[in-house]
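Residues per chain, in single letters:
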Amino acid sequence: MRDEIVRAMSRDGFVKASAITSTALTERARQIHRTTPVATAALGRVLAAASMMGNLQKIDDGSLTLQIKGDGPLGTLLAVSDAVGNVRGYVTNPQPPLLEKRPGKLDVGAAVGRGMLTVIRDLRMKEPYVGGVELVSGEIAEDITAYFVQSEQVPTACALGVLVDVDHTVRAAGGYLIQLLPGAPDAVIDRIEAGIAAAGAVTGQLDGGLDAEALLRTVLSGFDLEMLEKTPVAYRCYCSRERVRATLVSLGKRDLRELAEGGEDLHVGCQFCDADYVFPPEEIRALLESLD
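Within each chain, residue numbers correspond to sequence positions counted from 1 in written order. Selection of residues for local features in this predicted model requires a pLDDT of at least 70, selection of side-chain atom pairs for listing and counting requires 80 or more, and totals for whole chains, interfaces and linings are taken over all residues. Heavy atoms from the whole structure form the basis of all side-chain values; hydrogens and water molecules are not counted.

What am I meant to see in the pairing of strand β1 (residues 4-10) here?
Every other side chain in a regular strand lies on the same face of the sheet, so the side chains alternate between the two faces. The buried fraction of β1 amounts to six of the seven residues, a majority that puts the element mostly inside the structure. As paired strands, β1 and strand β2 (residues 15-21) are joined by six bridges and run antiparallel to one another. Of the residues in β2, the one forming a bridge with Met 9 is Lys 16. In this analysis, strands are considered paired if DSSP registers two or more bridges between them. Going along the chain from the N terminus, every DSSP run of H or I of four or more residues is numbered as a helix, and every run of E of two or more is numbered as a strand. Where β1 hands over to β2, the hairpin turn is made up of four residues, of which Gly 13 adopts a positive phi near 80 degrees. We call a residue buried when its accessible area falls under 20% of the maximum for its residue type, exposed when it is over 50%, and partly exposed in between, using a 1.4 Å probe and counting protein chains only.

Would you mind showing me how to read the environment of Leu 210 here?
Take Leu 210: it is sitting in the loop between α6 (202-207) and α7 (212-219). Residues Leu 210 and Thr 21, 189 residues apart in the sequence, show an inter-C-alpha distance of 8.9 Å. In this description, contact between two residues means that some pair of their heavy atoms is separated by no more than 4.5 Å. In this view, Leu 210 contacts Met 1, Thr 21, Gln 205, Leu 215 and Thr 218; residues no more than four positions away in its chain are not counted.

I'm lost on the packing of aromatic side chains in this one. Help?
Here the distance between the centres and the angle between the planes together describe a pair of aromatic rings. The pairing test for Phe, Tyr and Trp rings, Trp by its six-membered ring, is centres within 6.5 Å, and the orientation test on the planes gives stacked under 30 degrees, edge-to-face over 60, and tilted for anything in between. Under the criterion given, the structure shown has two aromatic pairs. Pairing Tyr 90 with Phe 272 gives two aromatic rings, centres 5.6 Å apart and planes at 55 degrees, and the pair type is tilted. Note that Tyr 90 is positioned in strand β5 (residues 87-91) and Phe 272 in the loop between β13 (266-269) and β14 (276-279), a separation of 182 residues in sequence. The class for Phe 272 is buried, based on a relative accessible area of 11%. Relative to Phe 148, the ring of Tyr 147 has its centre 5.4 Å away and its plane inclined at 70 degrees; by these criteria the two rings are edge-to-face.

Explanation requested: the side chain of Glu 27 in the structure shown.
Examined against the element boundaries, Glu 27 turns out to sit in helix α1 (residues 23-33). Judged by its relative accessible area of 13%, Glu 27 falls in the buried class. Sequence-distant contacts of Glu 27, defined by excluding residues within four places in its chain, comprise Thr 169 and Val 170.

Is there a simple way to explain the environment of Thr 23 in this structure?
Along the chain, Thr 23 falls in helix α1. Sequence separation between Thr 23 and Ala 234 is 211 residues, and the spatial gap between their C-alpha atoms is 9.6 Å. The residues touching Thr 23, leaving out its near neighbours within four places in the chain, are Asp 3, Val 170, Arg 171, Ala 172 and Ala 173. Side-chain atoms alone can form a polar contact between residues adjacent in sequence; in general such a contact is a pair of N or O atoms within 3.5 Å, and within protein one must be able to donate a hydrogen while the other accepts it. From its side chain, Thr 23 meets the backbone nitrogen of Ala 173 in a polar contact 3.0 Å long.

So this is what it looks like as structure tokens:
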């Protein structure tokens, strides 16, 4: 099953929703960063949330950055989504010790700890929009819900899940965002809450074979939904040798000269993917000469 985002709206005009299946992109992140299970679960949740939030912006060439900075062993989690929902990310400490609430149930909240959630929306204006809230639980989904309610005043229900298999690969991953539109009566909230309770955990639904559309229809079974769009998404990094060259040039003559005089190849690794860009001394000298 390919990763995709589905967006829908209830025909009564009171609810909009997105759902994502993100198993493949989460597994790709696990492979790149060599994460242990609790880091895989946390990073996978952040990637799924950022992907859905980035997809909602619909600004060409825009991007959304979601940062979770806690005092737990994971350190900082960061994900960047483009306007489609393609996403990349990293975690400061990809190999923390195993933390479980009970056998078989990873304790993401303890691994994240206390701290801040920050959202940076680059809408291609002069300055990006930056909003943030204190972490509620570190479980990611509850923190996303708090962000929308406190920072954007949008009543939201969010669920995210990553199921890690016994061999540490990603067996299922995804989630949903459900948001109330202005004028929604209290009865709509009751129907949403009833649907969420009846559906149960996201990972159970996805592991049972549901795709993103079926997940939304299950959770919002009390509504007549209109499916607006289906978009394939992936773990995608936009790094390139040209961008790294530009970064090296921006260091200036002094630093470039020191690198060239070192006489060894310069290895520049991307923090988001497993790319390794190698610049031999003669290429660094050529960059130095280009500044002259």
